[in-house]
Amino acid sequence: MTNHSPKTSLTSPDPPPSGAPTLCLGGAIVDLVCERQVAAVSDADAFVPHLGGAAATVAVIAARHGARVALAGGAGDDAWGGWVRERLRREGVQTDWFELVPAARTPVALAAVDSEGEPSVSSYGGPIVGGLSDRVKDGVRASAGLFIRVCGPEEIEVTMRARELALSLERPVVFAPRLCVARWRLRVEAAAAANACVPGALLVCASAGDAALMTGEDDPERAALALLKAGARMVVIRLGAFEGAILRGELRLDVDGVPASVISKIGAGDAFVGVLLARLAMSAFYPSAAAASMGDAMAEAASACERWGALD
(Lines give C-alpha, C1' and ligand atoms only; values in the text may rest on other atoms or scores of the structure.)
Protein backbone atom coordinates (compact mmCIF):
# COMPACT_ATOMS: atom_id res chain seq x y z
CA MET A 1 0.00 0.00 0.00
CA THR A 2 1.12 3.54 -0.70
CA ASN A 3 0.49 6.35 1.76
CA HIS A 4 -1.34 9.08 -0.16
CA SER A 5 -1.45 12.34 1.77
CA PRO A 6 -4.73 14.26 1.65
CA LYS A 7 -4.82 17.05 -0.90
CA THR A 8 -4.09 20.47 0.47
CA SER A 9 -6.91 23.00 0.46
CA LEU A 10 -7.28 26.74 0.78
CA THR A 11 -10.44 26.22 2.82
CA SER A 12 -10.05 27.71 6.29
CA PRO A 13 -11.00 25.38 9.14
CA ASP A 14 -13.99 26.59 11.07
CA PRO A 15 -15.91 24.98 13.92
CA PRO A 16 -19.15 23.15 13.17
CA PRO A 17 -22.44 24.76 14.17
CA SER A 18 -23.64 24.06 17.70
CA GLY A 19 -25.50 20.75 17.81
CA ALA A 20 -24.33 19.78 14.32
CA PRO A 21 -24.98 16.17 13.30
CA THR A 22 -22.51 13.66 11.96
CA LEU A 23 -23.03 13.36 8.21
CA CYS A 24 -23.34 9.80 6.86
CA LEU A 25 -22.68 9.73 3.14
CA GLY A 26 -24.24 6.91 1.12
CA GLY A 27 -27.37 5.24 -0.04
CA ALA A 28 -30.58 3.82 1.30
CA ILE A 29 -32.36 0.95 -0.40
CA VAL A 30 -35.38 -1.24 0.09
CA ASP A 31 -34.42 -4.77 1.06
CA LEU A 32 -37.20 -7.19 0.12
CA VAL A 33 -36.38 -10.14 2.36
CA CYS A 34 -37.81 -13.63 2.20
CA GLU A 35 -38.57 -14.27 5.86
CA ARG A 36 -37.93 -17.97 5.77
CA GLN A 37 -34.60 -19.64 5.17
CA VAL A 38 -34.12 -20.80 1.59
CA ALA A 39 -31.11 -21.67 -0.52
CA ALA A 40 -31.54 -18.87 -3.08
CA VAL A 41 -33.72 -15.94 -4.08
CA SER A 42 -35.32 -18.12 -6.76
CA ASP A 43 -36.68 -20.40 -4.03
CA ALA A 44 -38.49 -17.57 -2.21
CA ASP A 45 -42.27 -17.38 -2.31
CA ALA A 46 -42.81 -13.99 -0.62
CA PHE A 47 -40.82 -10.93 0.40
CA VAL A 48 -41.18 -8.37 3.20
CA PRO A 49 -39.78 -4.80 2.88
CA HIS A 50 -37.01 -3.67 5.22
CA LEU A 51 -35.03 -0.43 5.22
CA GLY A 52 -31.52 -1.23 4.05
CA GLY A 53 -28.33 0.16 2.57
CA ALA A 54 -25.01 0.32 4.39
CA ALA A 55 -24.96 4.04 5.18
CA ALA A 56 -28.66 4.12 6.09
CA THR A 57 -28.21 1.21 8.50
CA VAL A 58 -25.20 2.87 10.14
CA ALA A 59 -27.11 6.16 10.46
CA VAL A 60 -30.21 4.56 12.01
CA ILE A 61 -28.22 2.48 14.51
CA ALA A 62 -26.19 5.56 15.47
CA ALA A 63 -29.40 7.55 15.98
CA ARG A 64 -30.89 4.77 18.12
CA HIS A 65 -27.80 4.95 20.31
CA GLY A 66 -28.26 8.65 20.90
CA ALA A 67 -26.17 10.38 18.24
CA ARG A 68 -27.28 13.25 16.05
CA VAL A 69 -26.87 12.01 12.49
CA ALA A 70 -27.88 13.06 9.00
CA LEU A 71 -27.93 10.89 5.87
CA ALA A 72 -26.67 12.40 2.62
CA GLY A 73 -27.84 10.41 -0.37
CA GLY A 74 -30.99 9.83 -2.31
CA ALA A 75 -33.81 7.64 -3.49
CA GLY A 76 -36.26 7.80 -6.34
CA ASP A 77 -39.19 10.20 -6.22
CA ASP A 78 -41.57 7.28 -6.08
CA ALA A 79 -43.61 5.39 -3.50
CA TRP A 80 -40.61 3.43 -2.21
CA GLY A 81 -38.54 6.61 -1.96
CA GLY A 82 -41.18 8.23 0.21
CA TRP A 83 -41.31 5.09 2.34
CA VAL A 84 -37.53 5.19 2.84
CA ARG A 85 -37.45 8.86 3.77
CA GLU A 86 -40.31 8.50 6.22
CA ARG A 87 -38.60 5.56 7.90
CA LEU A 88 -35.40 7.58 8.26
CA ARG A 89 -37.27 10.49 9.80
CA ARG A 90 -39.11 8.24 12.23
CA GLU A 91 -35.76 6.90 13.39
CA GLY A 92 -34.48 10.40 14.10
CA VAL A 93 -32.10 10.60 11.13
CA GLN A 94 -31.98 14.09 9.64
CA THR A 95 -32.83 14.15 5.92
CA ASP A 96 -31.82 17.69 4.92
CA TRP A 97 -29.27 16.19 2.52
CA PHE A 98 -31.36 13.20 1.44
CA GLU A 99 -33.24 13.92 -1.78
CA LEU A 100 -35.91 12.17 -3.80
CA VAL A 101 -34.75 12.38 -7.39
CA PRO A 102 -37.41 12.90 -10.10
CA ALA A 103 -37.61 10.19 -12.75
CA ALA A 104 -35.32 7.91 -10.72
CA ARG A 105 -36.39 4.61 -9.22
CA THR A 106 -35.53 3.72 -5.66
CA PRO A 107 -33.01 0.83 -5.58
CA VAL A 108 -34.47 -2.49 -4.47
CA ALA A 109 -32.73 -5.72 -3.46
CA LEU A 110 -34.36 -9.14 -3.27
CA ALA A 111 -32.69 -11.03 -0.45
CA ALA A 112 -32.83 -14.61 0.78
CA VAL A 113 -30.88 -16.19 3.63
CA ASP A 114 -29.84 -19.80 3.96
CA SER A 115 -29.84 -22.03 7.03
CA GLU A 116 -26.62 -20.37 8.25
CA GLY A 117 -28.05 -16.88 7.89
CA GLU A 118 -25.85 -16.11 4.88
CA PRO A 119 -27.64 -13.84 2.38
CA SER A 120 -27.94 -14.10 -1.37
CA VAL A 121 -29.04 -10.88 -3.01
CA SER A 122 -30.32 -9.77 -6.41
CA SER A 123 -30.15 -5.98 -6.72
CA TYR A 124 -32.17 -3.76 -9.03
CA GLY A 125 -31.00 -0.21 -9.54
CA GLY A 126 -27.77 1.41 -8.38
CA PRO A 127 -27.10 3.99 -5.68
CA ILE A 128 -28.60 7.42 -6.25
CA VAL A 129 -26.43 10.46 -5.60
CA GLY A 130 -28.51 12.83 -7.75
CA GLY A 131 -27.35 16.42 -7.37
CA LEU A 132 -25.53 15.69 -4.13
CA SER A 133 -22.14 16.43 -5.70
CA ASP A 134 -23.13 20.07 -6.00
CA ARG A 135 -24.39 20.30 -2.41
CA VAL A 136 -21.93 18.19 -0.48
CA LYS A 137 -19.85 21.22 0.48
CA ASP A 138 -22.72 22.70 2.46
CA GLY A 139 -23.53 19.34 4.03
CA VAL A 140 -20.00 18.79 5.28
CA ARG A 141 -19.70 22.35 6.59
CA ALA A 142 -22.94 21.90 8.55
CA SER A 143 -21.71 18.69 10.18
CA ALA A 144 -19.54 17.81 13.16
CA GLY A 145 -17.95 14.80 11.46
CA LEU A 146 -18.18 12.64 8.35
CA PHE A 147 -18.87 8.95 7.87
CA ILE A 148 -18.04 7.47 4.47
CA ARG A 149 -18.20 4.07 2.82
CA VAL A 150 -16.90 2.70 -0.45
CA CYS A 151 -19.16 0.09 -1.99
CA GLY A 152 -19.05 0.60 -5.75
CA PRO A 153 -17.59 3.03 -8.30
CA GLU A 154 -20.72 5.17 -8.57
CA GLU A 155 -20.10 6.99 -5.29
CA ILE A 156 -16.37 7.62 -5.58
CA GLU A 157 -16.40 11.18 -6.91
CA VAL A 158 -18.78 12.58 -4.31
CA THR A 159 -17.17 10.52 -1.53
CA MET A 160 -13.69 11.84 -2.25
CA ARG A 161 -14.98 15.40 -2.54
CA ALA A 162 -16.68 15.15 0.84
CA ARG A 163 -13.65 13.50 2.45
CA GLU A 164 -11.18 16.10 1.21
CA LEU A 165 -13.39 18.94 2.38
CA ALA A 166 -13.94 17.36 5.80
CA LEU A 167 -10.19 16.95 6.31
CA SER A 168 -9.53 20.53 5.23
CA LEU A 169 -12.15 21.71 7.75
CA GLU A 170 -10.56 19.49 10.42
CA ARG A 171 -13.71 17.42 10.74
CA PRO A 172 -13.09 13.83 11.90
CA VAL A 173 -13.62 11.18 9.23
CA VAL A 174 -14.76 7.63 9.97
CA PHE A 175 -14.35 5.23 7.05
CA ALA A 176 -15.89 1.77 6.77
CA PRO A 177 -15.36 0.12 3.37
CA ARG A 178 -17.90 -2.38 2.18
CA LEU A 179 -16.43 -3.47 -1.11
CA CYS A 180 -18.90 -5.07 -3.49
CA VAL A 181 -16.30 -6.46 -5.85
CA ALA A 182 -18.89 -7.47 -8.45
CA ARG A 183 -19.64 -3.79 -9.02
CA TRP A 184 -16.05 -3.05 -10.04
CA ARG A 185 -14.32 -3.78 -13.33
CA LEU A 186 -11.23 -5.05 -11.51
CA ARG A 187 -10.55 -6.02 -7.90
CA VAL A 188 -7.48 -3.76 -7.90
CA GLU A 189 -9.71 -0.78 -8.72
CA ALA A 190 -11.91 -1.54 -5.72
CA ALA A 191 -8.88 -1.78 -3.46
CA ALA A 192 -7.37 1.45 -4.80
CA ALA A 193 -10.59 3.38 -4.26
CA ALA A 194 -10.85 2.17 -0.67
CA ASN A 195 -7.18 2.83 0.08
CA ALA A 196 -7.57 6.43 -1.11
CA CYS A 197 -9.98 7.02 1.79
CA VAL A 198 -7.59 5.83 4.51
CA PRO A 199 -5.12 8.73 4.98
CA GLY A 200 -6.27 11.13 7.67
CA ALA A 201 -9.15 8.99 8.88
CA LEU A 202 -9.75 9.00 12.62
CA LEU A 203 -11.04 5.43 12.34
CA VAL A 204 -11.05 2.80 9.62
CA CYS A 205 -13.42 -0.07 10.39
CA ALA A 206 -13.28 -3.01 7.99
CA SER A 207 -14.17 -6.66 7.79
CA ALA A 208 -11.23 -9.06 7.64
CA GLY A 209 -12.07 -9.74 3.99
CA ASP A 210 -12.10 -6.08 2.95
CA ALA A 211 -8.93 -5.40 4.95
CA ALA A 212 -7.19 -8.25 3.12
CA LEU A 213 -8.35 -6.96 -0.27
CA MET A 214 -7.10 -3.46 0.54
CA THR A 215 -3.72 -4.42 1.98
CA GLY A 216 -2.88 -7.80 0.48
CA GLU A 217 -2.49 -9.12 4.04
CA ASP A 218 -4.62 -12.08 5.10
CA ASP A 219 -3.48 -11.78 8.70
CA PRO A 220 -5.66 -9.17 10.48
CA GLU A 221 -2.76 -7.90 12.58
CA ARG A 222 -0.61 -7.21 9.54
CA ALA A 223 -3.59 -5.74 7.69
CA ALA A 224 -4.27 -3.36 10.58
CA LEU A 225 -0.62 -2.32 10.64
CA ALA A 226 -0.69 -1.62 6.90
CA LEU A 227 -3.76 0.59 7.26
CA LEU A 228 -2.14 2.47 10.14
CA LYS A 229 0.99 3.03 8.06
CA ALA A 230 -1.25 4.31 5.27
CA GLY A 231 -2.46 7.13 7.51
CA ALA A 232 -5.35 5.96 9.70
CA ARG A 233 -5.19 6.93 13.37
CA MET A 234 -7.13 3.86 14.53
CA VAL A 235 -8.16 0.64 12.79
CA VAL A 236 -10.87 -1.82 13.77
CA ILE A 237 -11.03 -5.15 11.97
CA ARG A 238 -14.02 -7.43 12.45
CA LEU A 239 -12.80 -11.03 12.47
CA GLY A 240 -16.12 -12.68 11.68
CA ALA A 241 -19.76 -12.67 12.64
CA PHE A 242 -19.07 -14.14 16.08
CA GLU A 243 -15.28 -14.18 16.28
CA GLY A 244 -14.71 -10.74 17.78
CA ALA A 245 -12.74 -7.73 16.59
CA ILE A 246 -9.41 -5.99 17.13
CA LEU A 247 -8.65 -2.30 17.61
CA ARG A 248 -5.16 -1.07 16.76
CA GLY A 249 -3.44 2.32 16.52
CA GLU A 250 -3.66 5.01 19.19
CA LEU A 251 -5.47 2.44 21.31
CA ARG A 252 -5.21 -1.33 21.42
CA LEU A 253 -8.00 -3.74 22.33
CA ASP A 254 -9.27 -7.22 21.50
CA VAL A 255 -12.93 -8.10 22.04
CA ASP A 256 -14.62 -11.47 21.83
CA GLY A 257 -17.62 -12.21 19.68
CA VAL A 258 -21.12 -12.45 21.13
CA PRO A 259 -23.13 -15.64 20.44
CA ALA A 260 -26.48 -15.33 18.73
CA SER A 261 -29.36 -17.46 17.49
CA VAL A 262 -28.80 -16.56 13.87
CA ILE A 263 -31.69 -15.78 11.56
CA SER A 264 -30.02 -13.42 9.08
CA LYS A 265 -26.62 -11.74 8.86
CA ILE A 266 -27.89 -8.95 6.62
CA GLY A 267 -26.59 -5.63 7.94
CA ALA A 268 -24.87 -7.04 11.04
CA GLY A 269 -21.53 -5.43 10.18
CA ASP A 270 -23.23 -2.08 9.60
CA ALA A 271 -24.94 -2.35 12.99
CA PHE A 272 -21.49 -2.84 14.56
CA VAL A 273 -20.18 0.30 12.85
CA GLY A 274 -23.27 2.29 13.84
CA VAL A 275 -22.54 1.82 17.54
CA LEU A 276 -18.91 2.88 17.16
CA LEU A 277 -19.96 5.96 15.20
CA ALA A 278 -22.59 6.91 17.77
CA ARG A 279 -20.19 6.73 20.70
CA LEU A 280 -17.50 8.67 18.86
CA ALA A 281 -19.96 11.36 17.78
CA MET A 282 -21.41 11.73 21.27
CA SER A 283 -17.92 12.17 22.74
CA ALA A 284 -16.90 14.85 20.21
CA PHE A 285 -14.86 12.10 18.52
CA TYR A 286 -12.66 11.32 21.50
CA PRO A 287 -10.60 8.25 20.46
CA SER A 288 -11.15 6.37 23.72
CA ALA A 289 -14.87 6.24 22.94
CA ALA A 290 -14.12 3.77 20.17
CA ALA A 291 -12.45 1.37 22.59
CA ALA A 292 -15.16 1.79 25.21
CA SER A 293 -17.89 0.90 22.70
CA MET A 294 -16.36 -2.21 21.13
CA GLY A 295 -18.22 -4.66 23.37
CA ASP A 296 -21.56 -2.93 22.81
CA ALA A 297 -20.91 -2.89 19.07
CA MET A 298 -20.34 -6.65 19.05
CA ALA A 299 -23.57 -7.13 21.02
CA GLU A 300 -25.49 -4.98 18.52
CA ALA A 301 -24.11 -7.00 15.60
CA ALA A 302 -25.13 -10.25 17.30
CA SER A 303 -28.61 -8.87 18.00
CA ALA A 304 -28.96 -7.84 14.35
CA CYS A 305 -28.32 -11.46 13.35
CA GLU A 306 -31.37 -12.53 15.36
CA ARG A 307 -33.71 -10.47 13.13
CA TRP A 308 -34.66 -10.69 9.48
CA GLY A 309 -33.47 -7.12 9.02
CA ALA A 310 -30.78 -5.34 11.02
CA LEU A 311 -33.16 -2.43 11.66
CA ASP A 312 -36.21 -4.45 12.73
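For the structure itself, consult the block above.
Not measured: the values here are computed from a predicted model.

Read across the open sheet, the nine strands follow the order β5-β4-β1-β8-β9-β10-β11-β12-β13; overall the sheet is mixed. Lying at the two open borders of the sheet, with one neighbouring strand each, are β5 (98-101) and β13 (253-255). Put simply, the sheet's adjacent strands are angled 15 degrees from each other on average, direction ignored. Across three bridges, strand β8 (residues 145-148) lies against strand β9 (residues 173-175) in parallel orientation. Each bridged residue has a counterpart across the sheet, and for Leu146 the counterpart in β9 is Val173. The sheet strands contacting helix α1 (residues 54-64) are β1 (22-25), β4 (69-76) and β8, and the helix crosses β4 at an angle near 145 degrees.

As a further point, take unusual backbone geometry. Here Ala103, not a glycine, exhibits a phi torsion of approximately 70 degrees, which is positive. Residue placement: Ala103 occurs in the loop between β5 and β6 (108-113). Although it is not a glycine, Phe285 sits at a positive phi angle of roughly 60 degrees. Inspection of the secondary structure assignment puts Phe285 in the loop between α8 (268-282) and α9 (288-292).

This paragraph deals with the nonpolar core. One finds Leu71, Leu88, Val236 and Phe272 to be the most contacted residues of the largest nonpolar core, which totals 62 residues. At ten residues, the largest contribution of residues to this core is made by α8. In contact with Phe272, not counting residues within four places along its chain, are Cys205, Val236, Arg238, Ala245, Met294, Ala297, Met298 and Ala301. Phe175, Ala193, Ala201 and Leu213 belong to the second-largest nonpolar core, a separate cluster that totals 41 residues.

Here the focus is α8. Over its 15 residues, α8 runs 22 Å from end to end, which matches the ideal 21 Å to within 8%, given 1.5 Å per residue. Most of α8 is tucked away, with 13 of its 15 residues classed as buried. One or two steps after α8, the chain reaches Ala284, where phi turns positive at roughly 60 degrees.

What follows deals with the side chain of Thr159. Locating Thr159 in the fold gives a position in helix α4 (residues 156-168). Setting aside residues up to four positions removed in sequence, Thr159 forms contacts with Leu25, Ile148, Arg149 and Cys197.

With the rule as written, the count across this model stands at one aromatic pair. Measuring from centroid to centroid gives 5.5 Å for Trp80 and Trp83, while their planes differ by 85 degrees, and the two rings are edge-to-face. With a gap of three residues between them, Trp80 and Trp83 both fall in helix α2 (residues 79-90), about one helical turn apart. Taking relative accessible area as the criterion, Trp80 reaches 32% and is therefore assigned partly exposed.

Pairing in this open sheet of four strands is mixed, and the strands run β3-β2-β6-β7 from one edge to the other. In this open sheet, the two strands that pair with only one neighbour each are β3 (48-52) and β7 (119-124). Sheet twist, expressed as the mean angle between neighbouring strand axes with direction ignored, is 30 degrees. Examined bridge by bridge, strand β2 (residues 29-33) and β6 share four bridges and lie parallel to one another. Across the sheet, Val33 pairs through a bridge with Ala111, a residue of β6. Taken strand by strand, α2 contacts β2, β3 and β6, and its axis lies near 60 degrees from that of β3.

Cut-offs applied
- Residues numbered from 1 in each chain as written.
- Predicted model: local features only at pLDDT ≥ 70, side-chain atom pairs only at ≥ 80, totals over all residues.
- Heavy atoms only, no water.
- Pairing = 2+ DSSP bridges.
- Helix = DSSP H or I, 4+ residues; strand = E, 2+ residues; numbered from the N terminus.
- Axes fitted to C-alpha atoms, helices over the stretch in contact; angles between N-to-C directions.
- Contact = heavy atoms within 4.5 Å.
- Core = buried A, V, L, I, M, F, W, Y, C linked by side-chain atoms within 4.5 Å.
- Buried < 20%, exposed > 50% of the residue type's maximum accessible area, 1.4 Å probe, protein only.
- Expected span 1.5 Å × (residues − 1).
- Phe/Tyr/Trp six-rings, centres within 6.5 Å; stacked < 30°, edge-to-face > 60°.

Function cannot be inferred from these measures alone, as they are strictly geometric.
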